Amino acid sequence: GILGVDVGGTFTDFLLWERGRIRVYKRPSTPDDPARAVTLGLGEMTAAPRELVHGSTVATNALLERRGARTALFTTLGFGDVLVIGRQARPRLYDLEPSRPPPLAPDDLRMELDERVTANGVVLRPLDPAEIESALDRACAAGAESLAVSLLFSFLRPEHERAVAAAARARGLFVSASHEVLPEYREYERTSTTTVNAYVSPLMARYLARLESGVGAHGVERLRVMASDAGSISPTVAGALAVRTVLSGPAGGVAGAFAVAAAAGFTDVITFDMGGTSTDVSLCPGRILTRDEAEIGGLAVRTAMVDVQTIGAGGGSLARLDSGGALRVGPQSAGADPGPACYGRGELPAVSDAQCALGRLLPAHFLGGRMPLFPERSRQALAGLGEAFGGIEQAAAAVIRVANANMDRAVRAVSVERGYDPRGFTLVAFGGAGPLHACDLADLLDIPRVLVPRYPGVLSALGMVAAPVSRDLLAPVMGAIAGDGLRARLDGLISDLIARGRDDLARDGYDVRRARAEVSLSMRYAGQSYELAVPVRATDPRRLSSAFHEAHARRYGHSDPHRAVESVSLRVRTVLPAPKLSLTPRVDDGDPRAGRTTVWFDRPRQSSILLRDRLRAGETFAGPAIVPQMDATTVIPPGWRGHVDDATNLVLERR
């Protein structure tokens, strides 16, 4: 069997696929050591999967919390401050006192080497081996644990970086060399990404070694790690290139949501993943969109990743009145410890407390009845806000409205602001809290339909199980598309990168006979600063130029077929086929209608309780209703109706 595990800020989710059957499980996370929740969950499930695919937040949290390895940076003479200078962009233009996060490599650990390679790849000034040793002496004396090496134009001639890396590894340092991490031009982004990788990779490598040992004791033979591009990589690659996992969890969610929606006949979707700490939204217009660059914790990171917008809004997001008396929700979260007040330990009001106080979370059904809920603690926590809103229910409803407004802005950022009308899409709601808010969010955006998968609370884990094994390799290809010899260079590089990708997968123990290669070339008009990645089906210059013009017109609404096109970099992704999963789960016997309960919407309303595990294909129902299951709860407000499709997804529409 294959087990997908998604470690979130509040819960750790498990989905086991074995001989065509699916089992799901959920348990509180262990923030002090995420691996402990994974091994505890394996024991509690009494599962012994052969393979485990893991979505990790270790790299992301290390960046956000600034608790990575002490990192040194070696650069070319004159470029020691590239991390500090950056792009000189001000994220808040009118901020009179702007502040920037300190660089990951502090002043005393940024060192310049007297070497130089030209833009043509010619060694202008050789690197003295004695200077390498002297710089390493200073770095080690300053307590460096990890080393980032980013020398000028090393993506054209990596010999100097290789010499530095070999000397540093001989001293036991972890080394992140830019020609291995990001062999592309743009000095700042390449240096920043290489430094981020050096900062987080030692933590990731230690974590994965601990995890591999722990799950191995439960019979797991192979561990894979979810990458940010919705593929999975080996622990060896993840430990050396941890920067590729910074959007690991969200990538699994988008992959799982798109697969479920496509199987149900909906290809234009907006994925809405609301967990305990954050919400991730992504627009999929017939395909999963990717991007090459993001800013995480104020740091530029350039790597292939699913295009996701993340905000600090989740079930654990705390509500408070600011100094002006306005209601604020998030981004601070109660997390897994102490959690919302209704979990029994916290005292501050969170979004989950608002849902609990309104009767939308049913204590008898929460986490399959394994975890108690305390509605009275929610009411006590909300009492302070109740004075400002005229009652506890009114305050709880206000908290939910503010949380929904925050998520509404995130969805508009990935749809309306990019020229897409959300009214033409289906909202796929998942995560532990997503189905609670989905219909309200759809009302705000005028989205006509909501799809709630059969296992919404663990859908990211499903995406990880369904993720293909992949290996991503880059090579610089600077030059005019119509230039002499470019086609021959491309053909040679593509063959070389495909062979390297297959060799890497074979070394990890995979059968590469069914591997396929996905090739893309980043191109731009001559004189442009940024490029577009275009799939390569043939290396003929005319076909490449034509494909770029079409891609430019789709993205920006215009193109210029008479303008010269140039290439920047080549990407080859070697992919193994993903397992074919059955998405038709077992349905329990019995009547799904389990009585009625009072739920506050605009006022208290009698609402049906529909047990999700007993809802069969073809069932129809109307709101108001609450649909509890082990991993999530779905709220169907008044004015909405729904049916169960052939794969037992809930399809909800406005009446």
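Given the structure is predicted, the values throughout are model-derived calculations rather than measurements.

A.B. asks: Can you lay out the overall build of the protein chain for me, pointing to particular residues and giving the numbers?
C.D. replies: For the protein chain, the helix and strand inventory stands at 16 helices and 32 strands. Relative to the 2.2 N^0.38 estimate, which gives 26 Å for 655 residues, the radius of gyration of the protein chain is 26 Å and therefore close to what a compact globule would have. Expressed as a percentage of the 655 residues in the protein chain, the buried residues total 56%. With an accessible surface of roughly 26700 Å², the protein chain has 50% of that area assigned to carbon and sulfur atoms. Positive and negative charge centroids in the protein chain, built from 76 and 74 side chains respectively, lie 4 Å apart.

A.B. asks: Would you mind going over the packing of aromatic side chains in detail, with residue names and values included?
C.D. replies: In total, this model carries 6 aromatic pairs according to the counting rule given. When the ring of F11 is compared with that of Y343, the centres are 6.1 Å apart and the planes differ by 65°; the resulting orientation is edge-to-face. Placement of F11 in strand 2 (residues 11-18) and of Y343 in the loop between strand 19 (327-333) and helix 10 (351-357) is noted, with a sequence separation of 332 residues between them. Of the two residues, F11 and Y343, both sit in the buried class. One residue, R222, lies across the ring of Y510, its end atom 4.1 Å from the ring centre.

A.B. asks: Which residues make up the pattern of salt bridges, and what values go with them?
C.D. replies: For the structure on display, the rule yields 44 salt bridges. A salt bridge links R70 to D108, with the nearest nitrogen and oxygen atoms 3.2 Å apart. With R70 in the loop between helix 2 (58-65) and strand 5 (71-76) and D108 in the loop between helix 3 (82-85) and strand 6 (110-113), this pair connects stretches of sequence that are 38 residues apart. Owing to a relative accessible area of 44%, D108 belongs among the partly exposed residues under this scheme. Put simply, E619 and R593 hold a salt bridge, and the shortest N to O gap is 3.5 Å. Within this pair, whereas E619 is found in the loop between strand 27 (604-610) and strand 28 (620-622), its partner R593 is found in strand 26 (residues 593-600), the two being separated by 26 residues in sequence. Connected through shared salt-bridge partners, E184, R186, E293, R302 and E531 make up one network.

A.B. asks: Describe the pairing of strand 30 (residues 633-636), listing the residues and the values that go with them.
C.D. replies: Residues T633 and V635 point to one face of strand 30 and T634 and I636 to the other, with burial holding for every one of them. Pairing of strand 29 (residues 625-628) with strand 30 involves 4 bridges; the strand directions are antiparallel. What sits directly across from P628, in strand 30, is T633. Taken together, strand 29 and the strand that follows it, strand 30, pair antiparallel across an intervening segment of 4 residues.

A.B. asks: Before we move on, can you summarise the sheet that holds strand 25 (residues 565-575) with the specific residues and values?
C.D. replies: Pairing is antiparallel across the open sheet formed by 4 strands, whose spatial order is 22-25-23-24. Every interior strand has two partners, whereas the edge strands, strand 22 (470-480) and strand 24 (532-535), have only one. Across the sheet, the axes of successive neighbouring strands diverge by a mean angle of 25°, strand direction being ignored. Sheet topology note: the strand 23 (residues 516-525)/strand 24 ladder contains 4 bridges and is antiparallel. Residue pairing for strand 24: L521 is matched across the bridge by V534. On the sheet, helix 15 (residues 486-507) packs against strand 22, strand 23 and strand 25 and is oriented at approximately 165° with respect to strand 22. Across the sheet, helix 16 (residues 541-556) touches strand 23, strand 24 and strand 25, and the angle it forms with strand 24 is around 125°.

A.B. asks: Please set out helix 7 (residues 187-216) residue by residue, giving values where relevant.
C.D. replies: Taking 1.5 Å as the rise per residue, helix 7 with 30 residues should run 44 Å; its terminal C-alpha atoms sit 41 Å apart, in good agreement. Along helix 7, the largest kink reaches about 35° and is centred on V200; proline P202 follows within four residues of it.

A.B. asks: Give a description of the sheet that holds strand 27 that names residues and reports values.
C.D. replies: The strands making up a sheet associate through hydrogen bonds between their backbones, and the pairing can be parallel or antiparallel. Spatially, 4 strands are ordered 26-27-29-30 in an open sheet, and the strand pairing comes out mixed. With partners counted over all chains shown, the strands left at the sheet margins are strand 26 and strand 30, one partner each. Between one strand axis and the next, the sheet turns by 25° as a mean value, whatever way the strands run.

A.B. asks: Give me the lowdown on helix 16, citing residues and values where you can.
C.D. replies: Along its 16 residues, helix 16 runs 22 Å from first to last C-alpha, staying within 8% of the 22 Å computed at 1.5 Å per residue. When we look at burial in helix 16, the residues that qualify are L544, S545, F548, H549, A551 and H552. Axial view of helix 16: buried residues confined to an arc of 170°, hence all on one face. Opposite the buried face of helix 16, by more than 90 degrees, sit the exposed residues R542, R543 and R554. Looking at the buried side of helix 16, the elements it contacts are helix 15, strand 23, strand 24 and strand 25. Positive phi appears at G557, one or two residues downstream of helix 16, with a value of about 85°.

A.B. asks: Could you give an account of the environment of L77, with specific residues and numbers?
C.D. replies: Note that L77 resides in the loop between strand 5 and helix 3. A relative accessible area of 43% means that L77 is categorised as partly exposed. A C-alpha to C-alpha distance of 8.0 Å links L77 and R116, two positions 39 residues apart in sequence.

Conventions and cut-offs
Residues numbered from 1 in each chain as written. Predicted model: local features only at pLDDT ≥ 70, side-chain atom pairs only at ≥ 80, totals over all residues. Heavy atoms only, no water. Helix = DSSP H or I, 4+ residues; strand = E, 2+ residues; numbered from the N terminus. Rg over C-alpha atoms; globule rule 2.2 N^0.38 Å. Buried < 20%, exposed > 50% of the residue type's maximum accessible area, 1.4 Å probe, protein only. Areas by Shrake-Rupley, 256 points an atom, 1.4 Å probe, with all protein chains shown as cover. Lys, Arg positive; Asp, Glu negative; His and termini not counted. Charge placed at Lys NZ, Arg CZ, Asp CG, Glu CD. Phe/Tyr/Trp six-rings, centres within 6.5 Å; stacked < 30°, edge-to-face > 60°. Lys NZ or Arg CZ within 6 Å of the ring centre and 35° of its normal. Salt bridge = Lys/Arg side-chain N within 4 Å of Asp/Glu carboxyl O. Pairing = 2+ DSSP bridges. Axes fitted to C-alpha atoms, helices over the stretch in contact; angles between N-to-C directions. Contact = heavy atoms within 4.5 Å. Expected span 1.5 Å × (residues − 1). Bend = angle between axes of the 7 residues up to and from the residue. Arc of directions from axis to C-beta.

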